[in-house]
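Each chain, written out:
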Amino acid sequence: MTEEGPTPAASPSLWERDEEVAAVERAIDILRADRSSSGSLLVFRGEAGLGKTALLTETRRIAEARGCTVWSARGGETLRSVPFNVVRQLLQPALVSLMPEEAREYLGDWYDIAGPALGVADPGERQADPQGVCDGLVAAVRRLARRDWPLVLVIDDAHWADQETLRWLAAFAERLDDLSVLLVVARRPGDVTGESARHLDAVSAAAGGPVTTLSALTPDATAGLTRATLGAHADAPFCREVWAVTGGNPYETVELLAKVQDSELEPVEAQACELRALNRSARGGGLVARLEGLGIEATRFAWAAAILGTGISVGLVSKLATMGRDDAVRCAELLRNARILTEPDPTVVPADDGDLEFVHPLIATAVYNSIPDALRTAMHGIAAQVVADSGLGAAMASRHLLQVHPDDDEELVEQLREAAREHVAVGAPDAARRCLERALREPPRPETHARVLYELGCATLLTAPAVTVDHLQSALAMPGLDGAERIEAVFRLSQALLHNDQLEDAVRTVEAEAARLGPGPAQLRLRAVQYMWEGIHAGETSSPGRSERLAELAATCTGRDNSERALLILRGFDAMTHGENAEIVVELSDRALVNGRLAPGLGWTDTEWGLEILMMLASSYTYTDRLDRAESMFTEALRTYESAGWSGGHLALAHAFLGFAHRRRGRLREAESTLRESLRIAERVGRGLPLYWSATCNLVDTLLARGHVDEAWEVAEQYGFAPPYPSTIVLPDPQSVRGRLLLAVGRTQDAVNELEAAEKAATARSHLNPVMVPWALDLARALATTDPVRAAQLATDARRRAERFGTDTAIGEALRCAAALETGQRAVRLLSQAVTYLESSPCQYEHAAARVEYGIAARSVAEINRGLALARSCGADGLVAQARDVLETGRGLR
């Protein structure tokens with residue numbers, strides 16, 4: 001082993017880190033070589049004191065020496081409850097260098113979304129979508145990185161980063177392929193659980209290779225460091241004892257050698273027995289004893305600094321420690337001389353982020369843990385007031401309030417509620433949840449308790465629907481929620497039950513509350529919500545007389561308010577699913593609009609009703625051949641969610657339904673692209689949800705229409721497109737689509753079984769629209785040879801229902817099915833009629849299919865070519881291949 005150490009410019013903690021430093025140098029050189037190169041990620045993992053911080057400091061030195069811009073940040077053990085703390089630190093250099101108008105220009109559309117989380121913009125009125133904020137932060141770094149290339153991002157102590165930062169970090173690390181940035185992360189193994197651990201694992205996985213685990217110094221390296229520090233005369237037994245005492249931990253070795261220098265201990269074997277006592281004084285209880293030796297005032301100052309954790313200024317510490325300015329300055333100097341506190345590196349920490357920091361996180365932890373429990377709690381209470389009085393806001397003060405013992409303090413409850421509102425507004429619902437859960441332990445006064453539970457339920461609605469159900473049920477069971485607030489809580493509870501796959505409970509909840517109320521707007525709204533949840537339920541049967549009651553109630557509605565408009569939409573959707581005349585469906589849907597547009601309060605991001613009612617309206621237009629209106633609505637939804645920064649489930653559904661509209665229109669390439677994006681977002685949100693089924697089902701249906709059967713099967717296998725099906729309606733009907741998929745791959749009997757199951761479910765729900773639930777058309781084709789009598793009856797029934805519904809698409813598709821069961825001139829006549837209807841339909845794929853089939857049946861080259869041209873424009877590769885094969889064969893054509 002060699003005793004050669006690092007370069008003079010480097011930290012002693014870099015002994016035996018040649019491989020790690022070389023990896024950093026290679027990554028920086030690759031970054032600098034080409035502005036268009038892919039980004040890269042280095043993750044260094046090691047226990048406390050193994051030199052992670054020293055390695056990151058060396059990374060900064062190398063990067064800056066080679067002309068790179070470096071942004072850095074560090075997690076803090078006591079700061080994990082502060083949302084966006086670390087990512088704010090990281091972006092401070094860029095944000096400080098920009099004027100407000102420049103920041104808006106660089107961040108563009110993301111300014112209003114990511115700006116509040118970064119503290120550079122005021123939050124909007126609506127609750128921020130956490131996924132949207134995360135995506136906004138990714139976009140913010142992406143845009144700023146283009147300006148500051150070559151850019152190196154350095155994050156130390158990532159195991160102590162707040163959850164919101166870790167969520168961003170995982171998302172950012174996964175997208176480095178198309179961004180020329182070097183990201184360097186250091187963390188301890190373990191120390192995190194739950195979501196934070198999952199995010200850190202995702203970061204490590206994104207590195208694309210094994211994570212570098214730092215090891216302790218070898219005895220030879222420890223000896224080299226000892227002699228470099230104390231002199232070449234340090235003898236071998238003394239050096240060996242240094243290694244034995246410290247275990248080769250670089251930080252402990254450096255601190256121990258500093259103690260040896262301070263004590264003027266000779267580095268010889270005879271004095272080696274003193275090393276263990278010196279080492280104890282540098283850590284744990286020994287450090288505390290050393291601190292106490294500096295005096296009570298210095299100890300109190302150190303305690304106050306540990307309580308603050310970040311932004312440690314002499315002024316704030318003096319207020320928290322209740323001492324005069326001069327005494328505070330003197331204590332700060334004592335603690336600097338004792339290597340407990342130090343001045344921050346101005347190249348790493350912004351000038352306004354405090355005058356002091358702890359020399360090492362191990363020291364900060366030891367000092368914090370040395371504070372007597374009762375005193376620590378009291379100091380956190382004082383710190384909360386100091387932070388609030390400094391103008392930093394309730395959200396920043398809340399991390400201290402979380403540590404205060406419950407004491408029936410109504411003012412503290414209100415402070416925590418205010419902090420929760422601030423957290424929700426910037427996209428940190430988990431932080432809001434922690435504040436409100438702590439407020440409940442205070443506890444709130446009886447007249448406030450229900451409201452706190454309600455606010456807690458609203459904060460957890462998007463992230464933990466099962467927990468939300470408990471909170472809102474408790475809130476509604478106690479006094480305090482009345483009038484509109486109670487109605488809103490009932491609606492939120494029903495939404496949570498829906499998201500928790502308890503749809504029947506959601507229906508019963510609003511039904512019971514509506515029955516408790518007298519006639520009026522509140523009852524009407526709850527009735528509409530009840531019908532809405534019943535309308536999307538895919539259970540075995542519908543409640544007896546539901547459609548009749550809905551029709552009677554809707555008949556009294558003129559569309560004068562949103563409750564009446566919602567009932568008109570629900571009645572139109574119900575009529576569409578039952579296959580009533582399409583003109584009735586359109587007339588009801590149109591009456592729900594105001595001058596052809598969505599009414600105020602009934603928009604895509606309005607929370608009073610939710611998106612389900614609007615999806616029903618647009619779906620009614622989709623299946624009644626009013627695709628211009630449907631496509632306009634879905635496009636508006638997508639644009640609205642993107643501009644509002646809603647990048648979770650709402651955006652996934654918007655993409656799914658826009659893809660659905662493209663598929664109905666016959667724009668199969670656009671549909672596939674949009675649906676794959678929907679599925680990508682849905683994967684991020686979570687499998688098994690209705691939005692996930694919408695994306696998968698529509699993609700499989702589109703791939704089948706394109707003739708990409710193998711890809712459709714791969715998607716179905718990869719994403720679990722198989723029974724059991726969700727409890728909510730998915731459009732198009734997943735059982736019908738899976739039956740068609742099974743037919744396409746040659747599993748005819750399995751297809752028949754699936755389509756018969758679809759028939760049973762649709763009949764039980766009275767879903768008789770042959771376009772929305774097209775099982776009959778595919779089942780008739782599947783049974784054409786084995787049971788021609790039943791096949792013919794199915795085709796006849798489908799045609800009758802199509803004619804009742806009355807759209808060109810429905811009738812044309814029914815005629816195509818009937819023709820598939822016939823031969824000769826009868827088949828030609830039926831296909832000719834199908835073409836006539838479908839050329840008036842906006843559904844171009846179905847028109848292309850009918851043209852190709854008619855041309856083949858009539859042996860007409862001209863008709864086949866017309867169908868071929870349509871198929872090409874749609875991206876229907878299967879139809880194109882079918883037409884070409886017939887044309888190339890050419891036998892019997894005219």
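In this numbering scheme, every chain counts its residues from 1 along its sequence in written order. Thresholds applied to this predicted model are a pLDDT of at least 70 for local features of residues and 80 or more for the giving and counting of side-chain atom pairs; totals over whole chains, interfaces and linings are not thresholded and use all residues. The side-chain numbers reported here are obtained from all heavy atoms of the structure, hydrogens and water having been left aside.

**Side note on the pairing of strand S3 (residues 151–156)**
Heads up, the rule is: Between buried and exposed lies partly exposed: a residue is buried under 20% and exposed over 50% of the maximum accessible area for its type, with that area taken using a 1.4 Å probe on protein chains only. A run of DSSP states H or I qualifies as a helix once it reaches four residues; a run of E qualifies as a strand once it reaches two. Both are numbered from the N-terminal end. For two strands to be treated as a pair, DSSP must find no fewer than two bridges joining them. By convention a crossover is right-handed if, when the strands point away from the viewer, the path from the first strand over the helix to the second runs clockwise.
For S3, the buried fraction is high: six of the six residues fall into the buried class. Burial of S3 is two-sided: the residues Leu 151, Leu 153 and Ile 155 facing one way and the residues Val 152, Val 154 and Asp 156 facing the other way are all buried. Pairing analysis gives six bridges linking strand S2 (residues 69–74) to S3, with the strands arranged parallel. Across the sheet, the residue bridging to Ala 73 is Ile 155, located in S3. Handedness of the S3-helix H7 (residues 163–174)-strand S4 (residues 181–187) crossover: right-handed.

**Comments concerning the packing of aromatic side chains**
The criterion, for reference: Planes of paired rings set the category: under 30 degrees apart is stacked, over 60 is edge-to-face and the rest tilted, where pairs are Phe, Tyr or Trp rings (Trp by its six-membered ring) whose centres lie within 6.5 Å. For a Lys NZ or an Arg CZ to count as sitting over a ring, it must be within 6 Å of the ring centre and within 35 degrees of the ring normal.
Counted according to the given criterion, the structure contains ten aromatic pairs. Here Tyr 641 and Trp 646 contribute two aromatic rings whose centre-to-centre distance is 5.6 Å and whose plane-to-plane angle is 15°, an arrangement assigned as stacked. The buried category is assigned to Tyr 641, whose relative accessible area is 0%. An aromatic cluster of at least three residues, connected via ring pairs, comprises Tyr 623, Phe 634, Phe 657 and Phe 660. Above the ring of Phe 491, the side-chain terminus of Arg 525 is found at 4.8 Å from the ring centroid. One Lys or Arg, Arg 525, reaches over the ring of Trp 609 and ends 5.4 Å from the middle of that ring.

**Concerning the pattern of salt bridges**
How we decide: A pairing counts as a salt bridge when a side-chain nitrogen of Lys or Arg comes within 4 Å of a carboxyl oxygen of Asp or Glu.
Scanning all chains against the criterion turns up 61 salt bridges. For the salt bridge of Asp 327 with Arg 330, the shortest nitrogen-to-oxygen distance reads 3.9 Å. Of the two residues, Asp 327 and Arg 330 both sit in helix H16 (residues 325–337), three residues apart, roughly one turn of that helix. Using a relative accessible area of 29% as the deciding quantity, one classes Asp 327 as partly exposed. Here Glu 442 and Arg 438 are joined by a salt bridge, their closest N and O atoms 2.9 Å apart. With respect to class, Glu 442 is no different from Arg 438; both count as buried. A single network of salt bridges, built from pairs that share partners, joins Glu 414, Arg 417, Glu 418, Arg 421 and Glu 455.

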